[in-house]
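Residues per chain, in single letters:
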Amino acid sequence: MLYVPKILIVDDEARMRNRLKVLLGFEGYNIHTGRNGREAIECLNKDSYDIVLLDMIMPDMDGCHVMDYIKGKHLDTMLIIMTGHASVDSAVKCLKRGAYDYLRKPFDFEQLLARVKNTVDQIKLKKENEIVRGKLEVTEQRYQYLVNASPDIIYTLNPEGEITFINGAVESLLGCSAEQLVSKHYTDIILGDDLNKAKYRFNERRTGSRATSGVELRLKTSNNDYDPEKSLIIELKSMGIYDKPVDEPDKTFMGTYGVARDIGDRKRLEAQVVQSAKMASLGVMTCGITHEIRNPMAVCSSAAQLLLKKPDDRVLREECADKIYSNIHRASQIIENLLKFSRTSGEDFGSVNLNEALELTLSLITHQIKLHQIELNREFAKDLPYVMGNANLLQQVFLNLILNAYNAMPEGGKLTLSTLVNPDGEVEIRFADTGCGIPEENLEYIFDPFFTSMPVGQGTGLGLSVSYGIIERHGGSIEVESTVDVGSNFTVKLPLTRDWKNEPLNPKP
Ligand SMILES: Nc1ncnc2c1ncn2[C@@H]1O[C@H](COP(=O)(O)OP(=O)(O)OP(=O)(O)O)[C@@H](O)[C@H]1O
Ligand SMILES: [Mg+2]
């Protein structure tokens, strides 16, 4: 709809009043008139006007009186004062009192029109600003709603790392109110073990592709401050905020913006998949493991029988006792390994001796391998640097790869396991078999969950996909080269952390 500004002309001089009415009416404005102060106030009581053109000197009422009335009740009305004795002083007085502009009588029409037009432009600008402000308020409200209703934790930090904003999601996820956390340091909500990992990430300064994305951290929940089991596992996305676009020089760091997503359920499901794949591979090994234990038991049994037959032979007694002792030790070690392996893996990382982890894995399956006429070669690098990892999970990967090789060589063959540090400074663990190989068209699918070429009921098809996930969490990769009827090479690459230490394999309780 076309906007027609409404103007009230107040002047006791009829000639002036009518002349202005005709001239401004001709310009398309909607004109009303008042003959004196009283009539002006009557009009203003009934209606509102965009502009009032007000004569200052009228017989019944001083123009200032009308002006005060307008400014008291019609804040949006723009006042243009018309006065015959416009000294600078009186003009300033009017402007101070709230008039928008003034005209000194006598004025010509062009002058009047310019002032009115300028005032109308101001009114239009004000109206546009109001519309924009209204729209902004709606958008702001919408964003506020989205931020507060978000199931993710959304926060901002100041450059010192103190929380300046955090949304209501913390109430259900951390068990405390947003108000309690505002102005606390971010380290107050990170689980102690993860403080190092959170540094420079939770309080990220970088932007764009270098900013933090997909980093897992644990947050304290209010009533279980230090218990990792009861902490909240989150996936973090965060970036630095600057006062200017990032590619501009001399920008100032204003703080960090971040979103933390609760991934507890996802982690629990992932752990279940890992565990079921582990149990499946244990199932495959049962017969081999039984044999591994039965063997030393048989040795013990015959040594004991010998002892019973010749209890007085001192040399034989010593030999038998030694055999019984070492074989019981071997059997219990295998059981120990098996238990360790089948336990649900925790999340903890420590320094891992990969050669040792491979040996532990092999101890569960050596017999089975030999039984199938598979020649096992170890080419382990001496002094292999330790890597940061979860020994239990890594053993699960090794077992999957060894079992796959074993399955690929039903008629026997050769399996070579080697460890080395490659020129890129990564640790490599290679599994090379002389088995059936993988057809090229299958290569792109073997890491997919449930992809298997095994007969129904024998393979779950989870081995490689679970292994892939585990190695990815270690910041490494699995590569494969394979030729049908020649064999397959699987290479696990793990990064060397700068602060690796050659410490003994830490058996997690
Ligand atoms: N060393 C290998 N030689 C030949 N084929 C292989 C080898 N490793 C993997 N494959 C192929 O990749 C498929 C997927 O392997 P994956 O370990 O994921 O599942 P699976 O061994 O079939 O079952 P499971 O869940 O019991 O491990 C195998 O079925 C096989 O076709
Ligand atoms: Mg497998």
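Residues numbered from 1 in each chain as written. Chains lettered and ligands numbered in written order. Predicted model: local features only at pLDDT ≥ 70, side-chain atom pairs only at ≥ 80, totals over all residues.

1. Looking at the overall build of the protein
Phase 1 of the analysis: Along its length, the protein carries 15 helices and 17 strands.
Phase 2 of the analysis: Relative to its length of 509 residues, the protein is extended, with a C-alpha radius of gyration of 42 Å against a globular reference of 23 Å.
Phase 3 of the analysis: For the protein, the proportion of its 509 residues judged to be buried stands at 28%.
Phase 4 of the analysis: Long-range pairs, those at least 24 residues apart, make up 63% of the contacts in the protein between residues at least 6 apart in sequence. (Helix = DSSP H or I, 4+ residues; strand = E, 2+ residues; numbered from the N terminus. Rg over C-alpha atoms; globule rule 2.2 N^0.38 Å. Buried ≥ 20, exposed ≤ 12 C-beta atoms within 10 Å, placed from the backbone. Contact = placed C-beta atoms within 7 Å.)

2. Brief notes about the nonpolar core
Phase 1 of the analysis: By size, the foremost hydrophobic cluster in this structure holds 39 residues, and its most contacted members are A357, V397, F398 and I402.
Phase 2 of the analysis: Counting only elements with at least two residues in this core, the list comes to α9 (264–309), α11 (354–363), α13 (391–408), β14 (413–421), β15 (426–433), α15 (463–473) and β17 (487–495).
Phase 3 of the analysis: With eleven residues, the single largest contributor to this core is α13.
Phase 4 of the analysis: Ignoring any residue separated from it by four or fewer positions in sequence, one finds F398 in contact with A357, L358 and T361. (Core = buried A, V, L, I, M, F, W, Y, C linked by C-beta atoms within 7 Å.)

3. Regarding the site of ligand 1
Phase 1 of the analysis: The environment of ligand 1 is made up of 24 residues, and the closest members are T452, S453, G459, G463 and L464.
Phase 2 of the analysis: Elements supplying a minimum of two residues to the shell around ligand 1: α9, α13 and α15.
Phase 3 of the analysis: It is α13 that contributes the most residues to the shell around ligand 1, four residues altogether. (Near = placed C-beta within 6 Å.)

4. Considerations on the domain arrangement of the protein
Phase 1 of the analysis: For the protein, the assigned domains read domain 1 (6–144), domain 2 (150–262) and domain 3 (268–495).
Phase 2 of the analysis: Taking the mean C-alpha position of each, domain 1 and domain 3 sit 91 Å from one another. (Domains from an automatic or database assignment.)

5. Quick word on helix α1 (residues 14–26)
Phase 1 of the analysis: Here α1 contains 13 residues, and its C-alpha end-to-end distance of 18 Å stays within 8% of the 18 Å for a straight helix at 1.5 Å per residue.
Phase 2 of the analysis: One or two positions beyond α1, positive phi appears at G28, with a value near 100 degrees. (Expected span 1.5 Å × (residues − 1).)

6. Some details on the environment of I438
Phase 1 of the analysis: Here I438 lies in the loop between β15 and α14 (440–443).
Phase 2 of the analysis: Residue classification places I438 among the buried positions, given that 20 C-beta atoms sit within 10 Å.
Phase 3 of the analysis: The sequence separation of I438 and S301 amounts to 137 residues, and the corresponding C-alpha distance is 45 Å.
Phase 4 of the analysis: Beyond its immediate sequence surroundings of up to four residues, I438 is in contact with L443, I446, S482 and S488.

7. What about the sheet that holds strand β10 (residues 253–262)?
Phase 1 of the analysis: Strand order across the open sheet formed by five strands is β7-β6-β10-β9-β8, with antiparallel pairing between neighbours. Edge positions in the sheet fall to β7 (163–166) and β8 (212–219), since each of these pairs with one other strand and no more. Each strand axis lies, on average, 30 degrees off the axis of its neighbour in the sheet, ignoring direction.
Phase 2 of the analysis: Note: strand β6 (residues 153–157) against β10, five bridges, orientation antiparallel. When the sheet's bridge partners are listed, Y155 is paired in β10 with G258. (Pairing = 2+ DSSP bridges. Axes fitted to C-alpha atoms, helices over the stretch in contact; angles between N-to-C directions.)

8. Notes on the environment of F451
Phase 1 of the analysis: Relative to the elements of secondary structure, F451 occurs in the loop between α14 and α15.
Phase 2 of the analysis: Taking the C-beta count within 10 Å as the criterion, F451 has 16 such neighbours and is therefore assigned partly exposed.
Phase 3 of the analysis: C-alpha of F451 to C-alpha of V352: the two residues are 99 residues apart in sequence and 30 Å apart in space.

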